[in-house]
Amino acid sequence: MRSRTIAAVLLAFCAACGGDSPPSNPNNPTNPFTFTISTSGIVSPKQLTVPPGTRVLFVNNHSRPHNMTSDPHPDHLDCEQLNQVGLLNAGQSRETGNLVIVRTCGFHDHDDPDNVNLRGSIITR
């Protein structure tokens, strides 16, 4: 009887894992700390405040690719965790590394560094 109970619990647990779950939809991100590049090529919001250890999601809904990197241009050394986002093709999304240091990190599109529509910042505190 006990082995049947254990088997039933394991089966229920495996079913709850969602093995057949649909792929993630970049238009419906699950990370509450998300920057979205709109269909018109504007990043929103311009600034997020996050707790230490957070990963921030970047979603590209624009028809063009965007290479999202840390300030300053062209070195990208202020917050190297942001550089993990990198090149996002249309419809792609990717998270930063864990932002563990309390500070403000600016970001921009490496391929269009002067475009204020693609600039923003993350405040970790």
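Look a little higher up for the structure.
**Digging into the overall build of the protein**
Point 1. Broken down by element type, the protein carries 1 helix and 9 strands.
Point 2. Its helices and strands taken in sequence order, the protein reads α-β-β-β-β-β-β-β-β-β from the N to the C terminus.
Point 3. In the protein, which comprises 125 residues, the proportion classed as buried is 36%.
Point 4. Considering only contacts in the protein between residues 6 or more positions apart, those separated by 24 or more positions represent 56%.
Point 5. Element-wise, carbon and sulfur atoms account for 55% of the exposed surface of the protein, whose accessible area totals about 7400 Å².

**Details of the state of the cysteines**
Point 1. Throughout the structure, instances matching the rule amount to 1 disulfide.
Point 2. There is a disulfide in this structure between C79 and C105, and the S-S distance comes to 1.8 Å. On the sign convention where negative is left-handed, the bridge of C79 and C105, at about -80 degrees about the S-S bond, is left-handed. Residue C79 is found in the loop between strand 5 (66–70) and strand 6 (86–88), and its partner C105 is found in strand 8 (residues 103–109); the two are separated by 26 residues along the sequence. When sorted by exposure, C79 lands in the same class as C105, which is buried.

**Some points on the pairing of strand 5**
Point 1. Summarising burial for strand 5: 5 of the 5 residues are buried, a large majority.
Point 2. Judged from the 3 bridges that link them, strand 5 and strand 6 form a sheet pairing that is antiparallel. Among the inter-strand pairings, M68 is bridged to a residue of strand 6, identified as G86.
Point 3. Relative to strand 8, strand 5 is paired through 3 bridges, and the arrangement is antiparallel. Across the sheet, M68 pairs through a bridge with D109, a residue of strand 8.

**Thoughts on the nonpolar core**
Point 1. By size, the foremost hydrophobic cluster in this structure holds 17 residues, and its most contacted members are F35, V56, F58, M68, L82, F107 and I122.
Point 2. For this core, the secondary-structure elements that each account for two or more residues are strand 1 (34–37), strand 3 (47–50) and strand 8.

**Overview of the pattern of salt bridges**
Point 1. The final tally for this structure, using the stated rule, is 1 salt bridge.
Point 2. Note that R119 is salt-bridged to D71, the shortest N-O span being 3.3 Å. Of the two residues, R119 is situated in the loop between strand 8 and strand 9 (120–124) and D71 in the loop between strand 5 and strand 6; the sequence distance between them amounts to 48 residues.
Point 3. In this structure R119 comes out as partly exposed when scored by relative accessible area, which is 28%.

Calculation rules
- Residues numbered from 1 in each chain as written.
- Predicted model: local features only at pLDDT ≥ 70, side-chain atom pairs only at ≥ 80, totals over all residues.
- Heavy atoms only, no water.
- Helix = DSSP H or I, 4+ residues; strand = E, 2+ residues; numbered from the N terminus.
- Buried < 20%, exposed > 50% of the residue type's maximum accessible area, 1.4 Å probe, protein only.
- Contact = heavy atoms within 4.5 Å.
- Areas by Shrake-Rupley, 256 points an atom, 1.4 Å probe, with all protein chains shown as cover.
- Disulfide = S-S within 2.5 Å.
- Pairing = 2+ DSSP bridges.
- Core = buried A, V, L, I, M, F, W, Y, C linked by side-chain atoms within 4.5 Å.
- Salt bridge = Lys/Arg side-chain N within 4 Å of Asp/Glu carboxyl O.

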